[in-house]
Amino acid sequence: MHYWGVPRSLGAETRAFHLQPKQNWEPDWDEFERAVTPETRLVYLSNPNNPTGSILSLESMRRIVARCEKTGTWLLADEVYQGAEIERERTPSFWGMSDRVIVTSGLSKAYGIPGVRIGWIVGPQDIIEDCWSQHDYLTIGPNKLSDRIARTAVQPANRERCYARTRAVLQTNLPIVREWVSELRGRLSWIEPEAGAIGLMRYESGQPSVEIAEMVRVNQNTLIVPGSHLGIEGYLRIWLGGTEHFLRSGLQRIGAELTHQLK
Ligand SMILES: Cc1ncc(COP(=O)(O)O)c(C=O)c1O
């Protein structure tokens, strides 16, 4: 919700383009070109993507960059899930594809250390200077312990160890979730994520996703994300991270509720 909520709160007009499940979560290019025009100041996207867990093809990345160059639009690529690929090779960065690219990332996802609250931004020098200036208003400085942990984590050898740990967790958990979905006998369907600990699942009943998520919360004391909060009604986003025991227990609770709610 904050993808469009934050810019709107600053007075911006926002237009969305959606990844299409029928096109293996690639954009609808007509919709993309309608959304990104010479009036557009900035395109924001996350790749690998939350909530689909999908990764754009290189061809799509080039197409997005070309459109931004043509329309004079900044491209802000949130690459916090880069390194959290489950089976495939590392996702290429948008960085370096054009002078109009800005990249953000941090330690919260692929590195698996969200608690340190450290991230970064890469972009043209004048933009980064403006960001520093804004940042200095918000915080006097990073927490020193976090800073120390972050400096250690981003050392190339340690970074690879963090990514390997994330990959191992996801490679253990994905088959557990796959089996859970099949045991629900068609109540849920999904395109499995290529990266990240998120499963975006479709259900067929006409029930609002927010009602389903609320029943799972109230009756099972478990949180899932309703698709309507992500701009895609008819879907539920279910976490697939955590230890095996924790994941299985959460899935068992969600499954009990969905078996009851979705006939
Ligand atoms: C696309 C995206 N970017 C960034 C983050 C992490 O944010 P932070 O670095 O504030 O923990 C998330 C967490 O859900 C995310 O989904």
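Each value, and the rule that gives it
- Residues numbered from 1 in each chain as written.
- Predicted model: local features only at pLDDT ≥ 70, side-chain atom pairs only at ≥ 80, totals over all residues.
- Heavy atoms only, no water.
- Axes fitted to C-alpha atoms, helices over the stretch in contact; angles between N-to-C directions.
- Helix = DSSP H or I, 4+ residues; strand = E, 2+ residues; numbered from the N terminus.
- Parallel < 35°, antiparallel > 145°, perpendicular 65-115°, else oblique.
- Left-handed = near helix turned anticlockwise from the far one by under 90°.
- Contact = heavy atoms within 4.5 Å.
- Buried < 20%, exposed > 50% of the residue type's maximum accessible area, 1.4 Å probe, protein only.
- Nonpolar A, V, L, I, M, F, W, Y, C, P; charged D, E, K, R; others polar.
- Salt bridge = Lys/Arg side-chain N within 4 Å of Asp/Glu carboxyl O.
- Near = heavy atom within 4 Å.
- Polar contact = N/O pair within 3.5 Å; in protein donor to acceptor, adjacent residues only side chain to side chain.
- Areas by Shrake-Rupley, 256 points an atom, 1.4 Å probe, with all protein chains shown as cover.
- 1 Å grid on protein atoms, 1.4 Å probe; cavity = no way out; pocket = protein on both sides within 12 Å on 5 of 7 lines; lining within 4 Å.
- Points joined across faces, edges and corners; volume = space filled by probe spheres on them.

A. Quick look at the packing of helix α7 (residues 209-220) against helix α8 (residues 244-261). In the contact formed by α7 and α8, the axes pass within 10 Å of each other and the chain directions differ by 125°. On the basis of the axis angle, α7 is oblique to α8. Handedness of the α7/α8 crossing: right-handed. Every residue of α8 that contacts α7 at I212, M215, V216, N219 and Q220 is listed here: R253, I254, A256, E257, L258 and Q261.

B. View of unusual backbone geometry. Of note, the bond from N47 into P48 is cis; its omega dihedral lies within 30 degrees of zero at -10°. A cis amide bond, omega 20°, links N50 with the succeeding residue P51. Summarising the element assignment, P51 is placed in the loop between β3 (42-46) and α3 (58-71). Positive phi values are uncommon outside glycine, yet R185 reaches one of about 50°. The residue R185 is located in the loop between α6 (156-183) and β7 (188-190) in this model. Residue classification places R185 among the exposed positions, given a relative accessible area of 72%.

C. Here's a closer look at the packing of α6 against α8. The interhelical angle for the contact between α6 and α8, taken along N-to-C directions, is 20°, at an axis separation of 11 Å. Considered as vectors, α6 and α8 are oriented roughly parallel to each other. Here the hand of the crossing between α6 and α8 comes out right-handed. Mapping the contact onto sequence places T172, N173, I176, V177 and W180 in α6 and E244, L247, R248, L251, Q252, I254, G255 and L258 in α8. Class assignment for the residues of the contact of α6 with α8 results in 7 nonpolar, 4 polar and 2 charged.

D. Structural detail: the pattern of salt bridges. For the structure shown, the criterion picks out 12 salt bridges. We note a salt bridge from E214 to R217, for which the minimum N-O separation is 2.7 Å. On the criterion of helical spacing, the pair formed by E214 and R217 is a turn pair, its members being 3 residues apart in helix α7. On the basis of relative accessibility, which here comes to 35%, the residue E214 falls in the partly exposed class. The network of salt bridges with shared partners includes E85, R90, R159 and E160.

E. The site of the ligand, seen in detail. Around the ligand sit Y3, Y44, S46, N50, D78, V80, Y81, S108, K109 and R117, and that is every residue in its neighbourhood. Here Y81 contributes a side-chain N or O atom positioned 3.2 Å from an oxygen atom of the ligand. Isolated, the ligand exposes 400 Å² of accessible area, and the fraction of that covered by the protein chains is 66%.

F. Inspection of the layout of surface pockets at higher detail. Each pocket or cavity is described by its volume, and for the second largest pocket that value is around 250 Å³. T222, L223, W239, F246 and G250 are the residues nearest the centre of the second largest pocket, which is lined by 13 residues in total. Going through the elements one at a time, β10 (235-239) and α8 are the ones with two or more residues in the lining of the second largest pocket. Looking at the lining of the second largest pocket residue by residue, the class counts come to 8 nonpolar, 4 polar and 1 charged.

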